[in-house]
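Given next are the chains, with one letter for each unit.
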Amino acid sequence: MRYQHLDLNLLVALDVLLDEQNITRAAGRLHMTQSATSGVLNRLRTYFEDDLLTQVGRKMQPTPLARELHPSIQEVLLKIQTSIARRPIDEPATSKRHFRIMASDYVINVMLKNVLQVVHQQAPNITFAFLAPDHQSTGMLNRGELDMMVAPERFMPAEQPAELLFEEQFVCVAWEENPEIGHTLTLDTWRRLGHIAVEFGRERQPGLEEALFAEAGLTRRLEVVANSYHSLPLLLIGTSRIATMHRRLAAQYARYLPLRIFPVPVELPVMREFICWHRSLDRDPIFNWLKDKIISGDI
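Below, the structure is looked at part by part. (Residues numbered from 1 in each chain as written. Predicted model: local features only at pLDDT ≥ 70, side-chain atom pairs only at ≥ 80, totals over all residues. Heavy atoms only, no water.)

**Some words on the overall build of the protein chain**
Note the threshold: Under the DSSP-based scheme used, a helix requires at least four consecutive residues in state H or I and a strand at least two consecutive residues in state E, with every element numbered from the N terminus. Throughout, a residue-residue contact means that at least one pair of heavy atoms, one from each residue, lies within 4.5 Å. Note on areas: Shrake-Rupley, 1.4 Å probe, and residue coverage restricted to the protein chains presented here.
A count of helical and extended segments in the protein chain gives 11 helices and 13 strands. For the protein chain, the C-alpha atoms occupy an extent of roughly 75 × 55 × 30 Å along the three principal directions. Contacts spanning at least 24 positions in sequence make up 73% of the contacts within the protein chain whose residues lie at least 6 apart. Roughly 15,800 Å² of accessible area belongs to the protein chain as shown, and the carbon and sulfur atoms make up 51% of that amount.

**Re the side chain of T189**
Selection rule: Distance and chemistry together define a polar contact, namely a pair of N or O atoms within 3.5 Å, with one atom able to donate a hydrogen and the other to accept it when in protein, and with adjacent residues in sequence counting only for side-chain atoms on both sides.
For T189, the location among the structural elements is in helix α7 (residues 187-192). A distance of 2.9 Å separates a polar atom in the side chain of T189 from a polar atom in the side chain of T186. Discounting chain neighbours no more than four positions away, the residues touching T189 are E180 and I181.

**Looking at the layout of surface pockets**
Space left empty within the atom packing is revealed by a probe, the size of a water molecule, rolled over the atoms. Defined as follows: Any residue with an atom within 4 Å of a point lines the site, the site being either a cavity, points on a 1 Å grid over the protein atoms alone where a 1.4 Å probe fits but cannot get out, or a pocket, an open set with protein on both sides within 12 Å along at least 5 of 7 lines. Grid points are joined across faces, edges and corners, and a volume is the space filled by probe spheres set on the points. Under the grouping applied here, Gly and all other residues not named as nonpolar or charged are polar, the nonpolar ones being Ala, Val, Leu, Ile, Met, Phe, Trp, Tyr, Cys and Pro and the charged ones Asp, Glu, Lys and Arg.
Roughly 580 Å³ of volume is contained in the largest pocket. Around the largest pocket, the lining comprises 33 residues; the ones closest to its centre are S104, P133, F155, F200 and Q205. Mapped by element, the contributors of at least two residues to the lining of the largest pocket are α5 (105-122), α6 (137-142), β5 (148-152), β9 (205-206), α8 (208-215) and β13 (271-277). The residue makeup of the lining of the largest pocket, split by class, is 18 nonpolar, nine polar and six charged.

**What to know about α5**
Which entries qualify depends on this criterion: Take the number of residues in a helix, subtract one, and multiply by 1.5 Å to get its expected span. Note on bend: at a given residue it equals the angle between the axes fitted to the 7 residues ending there and to the 7 starting there. Type-normalised accessible area, obtained with a 1.4 Å probe on protein chains alone, sets the label of each residue: buried when under 20%, exposed when over 50%, and partly exposed for intermediate values.
The end-to-end C-alpha distance of α5 is 24 Å, a good match for the 26 Å that 18 residues give at a rise of 1.5 Å each. Of all the bends in α5, the greatest measures close to 50° and is centred on L112. Among the residues of α5, Y106, V107, N109, V110, M111, L112, V115 and V119 are the ones counted as buried.

**Quick word on helix α11 (residues 285-295)**
An α-helical turn contains 3.6 residues, so a residue and the one three or four places further along point in the same direction. For α11, the full list of buried residues reads I286, F287, N288, W289, L290, K291 and I294. Where α11 is buried, its residues touch β3 (98-102), α5, β4 (127-131), β5, β6 (162-168) and β13. By the N-cap criterion, in which a side-chain oxygen at the helix start approaches the backbone nitrogen of a residue two or three places on, α11 is capped by D284, the distance to I286 being 3.1 Å.

**Let's talk about the sheet that holds β5**
What counts, and what does not: Here the rule is simple: two strands pair whenever DSSP picks up at least two bridges between them. Between the N-to-C directions of two axes lies an angle of 0 to 180 degrees, each axis being a line fitted to C-alpha atoms and, for a helix, fitted only over the stretch in contact.
In space, the five strands of this open sheet follow the order β4-β3-β5-β13-β6, with mixed pairing throughout. Edge positions in the sheet fall to β4 and β6, since each of these pairs with one other strand and no more. Sheet twist, expressed as the mean angle between neighbouring strand axes with direction ignored, is 20°. Note: β3 against β5, two bridges, orientation parallel. Counted as the bridge partner of I101 is M148 from β5. Packing against the sheet, α11 makes contact with β3, β4, β5, β6 and β13, and its axis sits at approximately 170° to β13.

**A look at the pattern of salt bridges**
The condition that has to hold: Here, a salt bridge means any side-chain nitrogen of Lys or Arg that lies within 4 Å of a carboxyl oxygen of Asp or Glu.
The tally for this structure, following the rule as stated, stands at 17 salt bridges. Among the salt bridges present, the one from R248 reaches E168, with a minimum N-O distance of 3.4 Å. Within this pair, whereas R248 is found in helix α10 (residues 247-254), its partner E168 is found in strand β6, the two being separated by 80 residues in sequence. You can call E168 buried: its relative accessible area is 2%. Between E209 and R220 there is a salt bridge; the shortest N-O distance is 3.7 Å. Note that E209 is positioned in helix α8 and R220 in the loop between α8 and β10 (221-226), a separation of 11 residues in sequence. In this pair, the class of E209 matches that of R220, namely buried. Where salt bridges share partners, they join D19, E20, R25, R29 and E145 into one cluster.

**Observations concerning the environment of N109**
Here N109 lies in helix α5. By relative accessible area, N109 is classed as buried at 17%. In this structure the C-alpha to C-alpha distance between N109 and L249, which are 140 residues apart in sequence, comes to 7.8 Å. Ignoring sequence-local partners within four residues, the contact set of N109 consists of H230, L249 and Q252.

Spelled out as structure tokens, the structure:
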């Protein structure tokens, strides 16, 4: 194929088109109009002498050639990003790198905020963007749209390197004057009381504890659904409801709110929190410096 005559920007567009398989969404990511994006697709079709994306019902699907090309295109773009577009600065103190990290509000609160304090002292020009986890997290990491992801073990992509950060347990939390709970929280009381839980994003993705309860054969009676674990302690005050949240986060709020913390009245597996990064960053000195700071963080 005549790669010497192909505009690199067309490869970027093709990567996005094959990822989204939708002209409108691809146009949004490319910051182009729909008509301009359609024009780019037509140019690509002419170059590759293939439809690349075909309309099947209401959806567009990649052709066999497009499926074959897509992984190679992603690898080429990532190599350019890591070896050419990125300046080889080896000193954190002078680096102006920008890192994109996908992490929950819980992880930011109990760990990453402390790491950023240290990094700011030693590398004040490094900047960060935190993204909330959602169903696109793995795909974004595999495409190089994230530098790293911090999440429970079950959400780690098999294609990328990862390392254990810490282990955590879930606990139940209630208002200190909750009249429905005695000295202990029994399973019968847990089933009887109303619960406050979390769901994230437009997809309303539940917290990990919801999946763990389902695997244990338990169903909560949800009365309030919040969009952040940080809301749960505040929403418990003055009610007979209970919530399930991470032990470290619950302990933080119990220091200044009238809360009681109880063991979950059923055995749940320990949550193992991992850091994962794109393999193209393995030899990146600044990234490895930052990763070591996160892994060695004392929580």
